[in-house]
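Inside the fold
As a plain string of letters, each chain reads:
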Amino acid sequence: MLAWLRPDAPFPPLSAALVDPNGLLAAGGDLAPERLIAAYRRGIFPWYSAGQPILWWSPDPRMVLFVDEFRVSRTLTRRVRRQEFTIRIDTAFRDVIDSCAATPRDGQRGTWITPEMIDAYCELHRRGIAHSVESWRDGQLCGGLYGMALGRVFFGESMFARETDASKVALVHLVAILKGQGVALIDCQQETAHLQSFGARPIPRAAFAGLLTELIHSTEPVAGWRAGASEAP
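Presented here is an overview of the structure given in this document. (Residues numbered from 1 in each chain as written. Predicted model: local features only at pLDDT ≥ 70, side-chain atom pairs only at ≥ 80, totals over all residues. Heavy atoms only, no water.)

1. Here's the deal with the packing of helix H3 (residues 93-102) against helix H4 (residues 115-126)
Each pair of packed helices can be summarised by the angle the axes make with each other and by the distance between the axes. Two elements in contact, H3 and H4, have axes separated by 10 Å at closest approach and are oriented at 150°. With respect to their mutual orientation, H3 and H4 come out roughly antiparallel. Every pair of crossing elements has a handedness; the one defined by H3 and H4 is right-handed. Across the interface between the two elements, Phe93, Arg94, Ile97, Asp98 and Ala101 from H3 touch Ile118, Asp119, Tyr121, Cys122 and His125 from H4. Along the lines of polarity and charge, the residues of the contact of H3 with H4 split into six nonpolar, one polar and three charged. (Axes fitted to C-alpha atoms, helices over the stretch in contact; angles between N-to-C directions. Helix = DSSP H or I, 4+ residues; strand = E, 2+ residues; numbered from the N terminus. Parallel < 35°, antiparallel > 145°, perpendicular 65-115°, else oblique. Left-handed = near helix turned anticlockwise from the far one by under 90°. Contact = heavy atoms within 4.5 Å. Nonpolar A, V, L, I, M, F, W, Y, C, P; charged D, E, K, R; others polar.)

Written out as structure tokens, the structure is:
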């Protein structure tokens, strides 16, 4: 039976997640910063559509990208080196998340990035926990991504592109930033061929939870994130 979260109620154990749909763990609760941080530290994330209650997930297996296993095609490497985009960090977080919400996705109608979700992650951004990496050209936002940084883990949420490879270039810069911070792991949540092309792979949920225990020891904002332009990796 699916657990319903009352205010201040803890999450059920990950072993209680449903097999079908894969990883559905609980419903209800809220998107307060403390609730979201507690969820991510345990390998749980919210994902739901407008008109639904908040749904909390922890799929098995879990798609992850070990930073040391990140790979980039020669074509993308050349594009990064040409510096066609100016990369900025945390200068347009709400614009990035709004753009991700407005981007059509294959096989999906609507978006899980509801206004409530946008407000919640913008609050995490104000607290120094959620971040955006942005690709700009001629003063226009061309693509980017956002996610949460906790300890030595980055939890990727979504990306968008208005120009070819704009989000991919942002991802290359994100990995360079994470390497500089000693971050070992990017959580990709769900398995896709797009993420596999960069070296992401699925691991058992129990192994993912174990990695989080090793890599996250604080709820304080991670040092090293600086708003502004980023140098080429």
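2. Section: the side chain of Ser167
Mapped onto the secondary structure, Ser167 falls in helix H5 (residues 166-181). Excluding anything up to four places from it in sequence, Ser167 contacts Gly144, Leu145, Met159, Phe160 and Ala161.

3. Brief notes about the pairing of strand E8 (residues 140-150)
Counting buried residues in E8 gives 10 out of 11 residues, a clear majority hidden from the surface. Alignment of strand E7 (residues 130-137) against E8, held across eight bridges, turns out to be antiparallel. Note that in E8 the partner of Arg137 across the bridge is Gln140. Counting the residues that bridge the hairpin from E7 to E8 gives two residues, and of these Asp138 lies at a positive phi of roughly 55°. Where E8 meets strand E9 (residues 153-161), eight bridges bridge the pair, whose relative direction is antiparallel. Its bridge partner lying in E9, Gly147 is registered against Gly156. What sits between E8 and E9 in their antiparallel hairpin is a turn of two residues, with Gly151 showing a positive phi close to 60°. (Buried < 20%, exposed > 50% of the residue type's maximum accessible area, 1.4 Å probe, protein only. Pairing = 2+ DSSP bridges.)

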